[in-house]
Amino acid sequence: MIERDIKAALVDRLVERGDLAGDAVVVNEMAVADKERRADLVVANGKLQAFEIKSDADKLDRLEGQIGTFLAHFDKVTIVCGSKHTNSILDQVSAQVEVWVVTRSLNGVQWKQARRGISVPVSDRDRIISFLPKKEAIRALRAAGISCAWDTPRAELIYWAEKMPVSALKNAVLDYVKSRYAEVNKTFMRRRSRRGTRPSHIELLSLYREERRGERDEPSIAFDLDNEEQTRAASHPLAIDITKLPGACKNETGPIFVIPRG
């Protein structure tokens with residue numbers, strides 16, 4: 001299974017487990033540590049959880065650095081991998097990290113928990129507040145009764161954050177992430193509700209997917225058409241098969257047609 005297939009299967013598993021119930025949100029490729037790293041999937045429910053995906057086609061040379069950063073910023077870290085890397089990952093990473101193994105068989109996607117990890121709530125205020133844009137951080141501080149000026153430099157926010165309870169600061173982060181991704185998650189859940197999550201659905205969980213497509217010189221397009229819509233799209237004179245675009249991942253189920261916007 002390639003990464004985007006694993007992401008789709010992972011979201012289905014999280015839904016089945018109830019991890020995305022209520023106001024919980026799932027985020028695709030969240031930047032952390034001043035954009036030094038990107039977590040493949042992040043879940044914000046009662047805590048912040050990071051999921052790092054390592055398919056059998058991936059290398060593990062960056063794994064130690066990635067997991068070190070994620071453990072410093074997230075309350076729970078889980079690696080989802082193919083069977084090829086299981087033993088190497090178990091040897092490399094802390095026992096704090098949970099490890100799930102995913103494989104595809106004739107019976108569908110199979111899951112195995114190779115190691116049960118533990119949640120260790122982050123208590124470092126500097127790392128917690130790093131999830132908040134400056135204005136949101138100041139708003140959280142002022143809501144807690146801390147007289148922090150709106151023009152306070154970003155570098156000084158940690159001084160004021162020391163006066164705020166860790167629990168209140170973490171709640172501010174969770175509220176911000178949930179609010180920021182609420183609409184994209186509603187759209188995503190609506191699209192996946194009938195037949196489960198497809199790999200093409202995952203793009204819906206990224207706020208900046210349009211900008212990223214522009215950076216790759218790809219057309220601005222409407223992803224995630226259902227089967228009936230795919231049939232109509234394929235006959236459209238401007239239809240594009242995105243599986244044939246430069247750098248596109250091979251789609252095992254066939255072409256994916258989209259219609260350019262505008």
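Heads up: these notes are all about the structure in this document. (Residues numbered from 1 in each chain as written. Predicted model: local features only at pLDDT ≥ 70, side-chain atom pairs only at ≥ 80, totals over all residues. Heavy atoms only, no water.)

## Some remarks on the overall build of the protein chain
Heads up, the condition is: The helix and strand labels rest on DSSP assignments: H or I over at least four residues marks a helix, E over at least two residues marks a strand, and numbering proceeds from the N terminus. Exposed residues in this analysis have more than 50% of their type's maximum accessible area, buried residues have under 20%, and partly exposed residues fall in between, with area computed by a 1.4 Å probe over protein chains only. The Shrake-Rupley method, run with a 1.4 Å probe, gives the accessible areas here. Residue values count only the displayed protein chains as cover.
Broken down by element type, the protein chain carries nine helices and eight strands. When the 262 residues of the protein chain are sorted by exposure, 46% land in the buried category. Here the protein chain has roughly 13,900 Å² of accessible surface; of this, 48% comes from carbon and sulfur atoms.

## Section: the sheet that holds strand β2 (residues 37-44)
Hydrogen bonds along the backbone pair up the strands of a sheet, which may run parallel or antiparallel. Test applied: Strand pairing follows a simple DSSP-based rule, namely that at least 2 bridges must link the two strands. The axes used here are C-alpha line fits, helices contributing only the stretch in contact, and every angle between their N-to-C directions lies in the interval 0 to 180 degrees. Contacts are assigned to residue pairs that have any heavy atoms within 4.5 Å of one another.
Reading across from one edge, β1-β2-β3-β4-β5-β6 is the order of the six strands in this open sheet, with mixed pairing throughout. Of all the strands in the sheet, the pair left with one neighbour each is β1 (25-32) and β6 (108-115). Neighbour-to-neighbour, the strand axes of this sheet turn through a mean angle of 30 degrees, independent of strand direction. Here β2 runs beside strand β3 (residues 48-54); their pairing, made up of four bridges, is antiparallel. Paired with Leu-41 across the bridge in β3 is Phe-51. Each of β1, β2 and β3 is contacted by helix α7 (residues 166-192), which is oriented at about 115 degrees to β1, the strand it contacts most.

## Notes on the packing of aromatic side chains
This is how the line gets drawn: Ring pairs shown here join Phe, Tyr and Trp side chains whose ring centres sit within 6.5 Å, with only the six-membered ring taken for Trp; geometry is labelled stacked below 30 degrees between planes, edge-to-face above 60, and tilted in between.
Evaluated as defined, the whole model comprises five aromatic pairs. Considering the side-chain rings of Trp-100 and Trp-111, the 5.9 Å spacing of their centres and the 85 degrees angle between planes classify their relative orientation as edge-to-face. Placement of Trp-100 in strand β5 (residues 98-105) and of Trp-111 in strand β6 is noted, with a sequence separation of 11 residues between them. Taking relative accessible area as the criterion, Trp-100 reaches 1% and is therefore assigned buried.

## Re the nonpolar core
Applicable threshold: Here the nonpolar core consists of buried residues drawn from Ala, Val, Leu, Ile, Met, Phe, Trp, Tyr and Cys, with membership extended through side-chain atoms lying within 4.5 Å.
Judged by nonpolar contacts, the single largest core of 44 residues is most densely connected at Phe-74 and Val-177. In terms of residues, this core owes the most to one element, α7, which gives eight residues. Those residues within four positions of Val-177 in sequence are excluded, and the remaining contacts are Val-25, Val-27, Met-30 and Ala-44. Membership of the second largest hydrophobic core comes to 17 residues, among which are Ile-6, Leu-10, Leu-41 and Ile-202.

## What about unusual backbone geometry?
Of note in this structure, Asp-34 is not a glycine but carries a positive phi near 55 degrees. Mapped onto the secondary structure, Asp-34 falls in the loop between β1 and β2. A positive phi angle, close to 65 degrees, is found at Lys-35, a residue other than glycine. Judged by its relative accessible area of 70%, Lys-35 falls in the exposed class.

## Structural notes on the pairing of β1
Of all eight residues making up β1, six are buried, and the element is well covered by its neighbours. Where β1 and β2 come together, seven bridges link them in antiparallel fashion. Each bridged residue has a counterpart across the sheet, and for Met-30 the counterpart in β2 is Ala-39. In this antiparallel pair of consecutive strands, β1 and β2, the connection spans four residues, and Ala-33 shows a positive phi of 55 degrees.

## Some thoughts on the packing of helix α1 (residues 3-17) against α7
Rules: Relative orientations are named as follows: roughly parallel for angles under 35 degrees, roughly antiparallel for angles over 145 degrees, roughly perpendicular for angles from 65 to 115 degrees, and oblique for any other angle. Classes in brief: Ala, Val, Leu, Ile, Met, Phe, Trp, Tyr, Cys and Pro nonpolar; Asp, Glu, Lys and Arg charged; the others, Gly included, polar.
Two elements in contact, α1 and α7, have axes separated by 13 Å at closest approach and are oriented at 95 degrees. Taken together, α1 and α7 sit at an angle that is classed as roughly perpendicular. In this structure, α1 contributes Val-11, Asp-12 and Val-15 to the contact, and α7 contributes Phe-188, Met-189 and Arg-192. Of the residues contributing to the contact of α1 with α7, the split by class is four nonpolar, no polar and two charged.

## Here we look at the side chain of Thr-86
As for its position among the elements, Thr-86 is in helix α3 (residues 86-92). Dropping the residues within four chain positions of it, Thr-86 is found in contact with Cys-81, Val-101 and Ala-114.

## Remarks on the environment of Thr-243
Its location among the elements puts Thr-243 in the loop between β7 (240-241) and β8 (257-258). When the C-alpha positions of Thr-243 and Ile-256 are compared, they lie 6.3 Å apart, and in sequence the two are 13 residues distant.

Note that every value here comes from positions in space, so none of it alone points to a role or purpose.
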